[in-house]
Amino acid sequence: MTTIDREGLKFSDAKLIIGLEVHVQLKTESKLFCGCSTQFGSNPNTQTCPVCTGMPGTLPVLNEKALALSIKTGLALNCEIARYTKWDRKNYFYPDLPKGYQISQFDKPVCGEGFVEVKIPKSDEPARKIRLERAHLEEDAGKSVHDESGKGGVSKIDLNRTGTPLLEIVTKPDIRSAEEAKAFLTELKLILGYVDVSDCNMQEGSLRCDANVNLHFTDGEEAVATPIVEIKNLNSFRAAERAITHEARRQFKEFRETGETIDDAPKQTRGWDDSAQKTTPQREKELSADYRYFPDPDLIAVVISEQEIEDAKSSLGDLPAALRETLQSEYGLNDYDSDVIVSAGREMVDYFRAVADGSGKPGKPNGKMASNWVGQEVMRYLNENAATIEAYPVAADAMAELLARVTAGEVDQTRGKEVLAEMLASGCDVQEAFDKLGIVKVDSSDLDALCQQLIEENPAVIEEIKGGKVKAVGSLIGKARKINPNVNPGVLRESILKIIGL
Ligand SMILES: [Zn+2]
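Here we summarise the structure given alongside this text. Please read these numbers as outputs of a predicted model, since none were measured by experiment.

Parameters at a glance
Counting restarts for each chain: residues are numbered from 1 in the order of the written sequence. Thresholds applied to this predicted model are a pLDDT of at least 70 for local features of residues and 80 or more for the giving and counting of side-chain atom pairs; totals over whole chains, interfaces and linings are not thresholded and use all residues. The basis for every side-chain value is the complete set of heavy atoms in the structure, and neither hydrogens nor water enter the calculation. Two kinds of site are reported from a 1 Å grid over the protein atoms alone, namely cavities, where a 1.4 Å probe fits but cannot get out, and pockets, open sets with protein on both sides within 12 Å along at least five of seven lines, and residues are called lining when an atom falls within 4 Å of a point. Grid points are joined across faces, edges and corners, and a volume is the space filled by probe spheres set on the points. In this classification, the charged set is Asp, Glu, Lys and Arg, the nonpolar set is Ala, Val, Leu, Ile, Met, Phe, Trp, Tyr, Cys and Pro, and all remaining amino acids, among them Gly, are polar. By definition, any uninterrupted DSSP run of H or I lasting at least four residues is a helix, any uninterrupted run of E lasting at least two residues is a strand, and each is numbered from the N terminus. Each domain's limits were defined by an automated method or a database of domain assignments. A carboxyl oxygen of Asp or Glu within 4 Å of a side-chain nitrogen of Lys or Arg is what we treat as a salt bridge. Relative accessibility under 20% of the residue-type maximum defines a buried residue, over 50% an exposed one, and the middle range a partly exposed one, all with a 1.4 Å probe and only protein chains included. For Na, K and Ca the donor cut-off is 3.2 Å, while for other metals it is 2.8 Å, and in both cases only N, O and S atoms qualify; water is not among them, so sites may look incomplete. In short, tetrahedral needs four donors with all angles between 85 and 135 degrees, square planar needs four and octahedral six donors with opposite donors over 155 degrees apart and all other angles between 65 and 115, and whatever is left is irregular.

### Points about empty space enclosed by the protein
- Scanning the entire structure with this criterion turns up 1 cavity of 30 Å³ or more.
- By volume, the largest cavity amounts to about 30 Å³.
- Taken together, Cys52, Leu97, Pro98, Lys99, Tyr101, Glu139, Asp140 and Thr162 form the lining of the largest cavity.
- For the lining of the largest cavity, the class distribution of residues is 4 nonpolar, 1 polar and 3 charged.

Printed below as a string of structure tokens:
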């Protein structure tokens, strides 16, 4: 029993220790050890065969695509890639696992240690490296479908999911807050999307997460930890964040009441009840000895060649962290703006770069303006239409031309947005939109005449300006645009001030 003064403890004295296990369904068309389809949403038990239903006498055959995707993922996560990896049987009995064991990897996982750099959004804390313990390949289990009528009906088993390839990514206990856990999951999902190894659809279970949580307290010489709790099957980032927050508070309260430490109680498994917003106890956690792992005698070990690793490396492309860096150093964006573009995916980054390069001068991209237009105008359209950048009607070169013409002063920003709206509405090009809206350059004699007219019609405003309130000129701009919408506000402002001798 601890000598820490439990009564005097505050929640802020607790150091939160979190490790995540993330199951990622790899993007293969067939299962890990048979040719059955992995397509989601088919009728129950229509995508099964004697191999994945565990019939006696059947033999598994490795899907090489799944292995290649695992190697690619490992490289994207800075992992050591094993040159020798093998298959093990993880034995447990559950109705959705007809073989009575799952083919997994025990001591020779395909990916060894790695890390993901994580920054909590909108915080001043610098990015932190969350280390990865390993990532191993395994087959998924089936799904139990329980009668939810409450009348005690039968439970059914759907084995379509059995044998689907999963990569289990395990972090070290490096995560220190629920927010950081969410930021880690967000960055992980982004990376997986960039390297195109999983569709990461959480509703369909392609990305699932368990969180191991406990608290550490230190008092002078003594350091104690609360028993570790594994929260199972968190199927949204919000659920993960809330479950961890709740569990930390629960453990704090329990420690204050009982003083129970990690030495007094085994690891426990709890589930997250999203409607009640709390964690609830499940079965006692099995230790790895309970699974009686042993090498699968039906599968030979896999030797991964340098060539395979090199091929995977060259297929990675630029990753999110490197792209954020490029957008900051080469395009002059700040932290926040570069993250907005990069978080929207690789195609958005390509689009942004094409717009910034095409609307700027050689060697001097128009980064900030492109970021404003892409981050606001383009993304708003995509949100409103639930579309991705591939479906955006204005191609990058047309957008670049429009921005170049705004920069050259042919139209101001406000008018430029009307041009964009016209292009979106009718699918026309930039010049056609200019023509339709009647946008022509206002020549200097027209501009002078317009200024004279405004000065004569607004003597009170002119007096104000002359009296030192130069801002009042703004009220004339609106009037000017009603007379001639092509007038450039900046040019008009200067002309008026010049004419009245300021
Ligand atoms: Zn099968």
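### Side note on unusual backbone geometry
- The backbone of Asp196 shows a phi angle near 60°, a positive value even though the residue is not glycine.
- For Asp196, the location among the structural elements is in the loop between helix H2 (178–194) and strand E10 (207–219).
- Positive phi outside glycine occurs at Asn233, with the angle close to 50°.
- Counting through the fold element by element, Asn233 comes out in strand E12 (residues 229–234).

### What about the layout of surface pockets?
- Here the second largest pocket is characterised by a volume of approximately 1400 Å³.
- Surrounding the second largest pocket, 45 residues form its lining, Glu187, Leu190, Arg324, Asp339 and Ser343 being those nearest its centre.
- Ranked by the residues each element gives to the lining of the second largest pocket, the list is headed by H2, at 9 residues.
- Partitioning the lining of the second largest pocket into residue classes produces 17 nonpolar, 10 polar and 18 charged.
- If you count residues domain by domain, the lining of the second largest pocket takes at least three from each of domain 1 (20–210 + 287–304) and domain 2 (323–437).

### Here we look at the pattern of salt bridges
- Across all of its chains, the model carries 32 salt bridges by this definition.
- The salt bridge involving Arg250 is made with Glu247; its shortest N-O contact spans 2.8 Å. Of this pair, Arg250 and Glu247 both sit in helix H3 (residues 237–258), 3 residues apart, which is roughly one turn of the helix. For the pair Arg250 and Glu247, a shared accessibility class is recorded, and that class is buried.
- Here Glu464 and Lys469 are joined by a salt bridge, their closest N and O atoms 3.1 Å apart.
- Classification of Glu464 as partly exposed rests on a relative accessible area of 35%.
- One continuous salt-bridge network, built from bridges that share partners, spans Asp210, Glu230, Lys232 and Lys267.

### Focus on the coordination of the zinc ion
- Looking at the metal site, the zinc ion is ligated by Cys34 (SG), Cys36 (SG), Cys49 (SG) and Cys52 (SG), spaced 2.3 to 2.4 Å from it.
- Bound by 4 donor atoms, the zinc ion shows angles of 100 to 114° at the metal and therefore tetrahedral coordination geometry.
- As a motif over one chain, the donors of the zinc ion read C-x1-C-x12-C-x2-C. Separated by 16 residues along the polypeptide, Cys36 in the loop between strand E1 (15–25) and helix H1 (64–76) and Cys52 in the loop between E1 and H1 bring together distant segments of the chain. Across the pair, Cys52 and Cys36 agree in class, each one buried.

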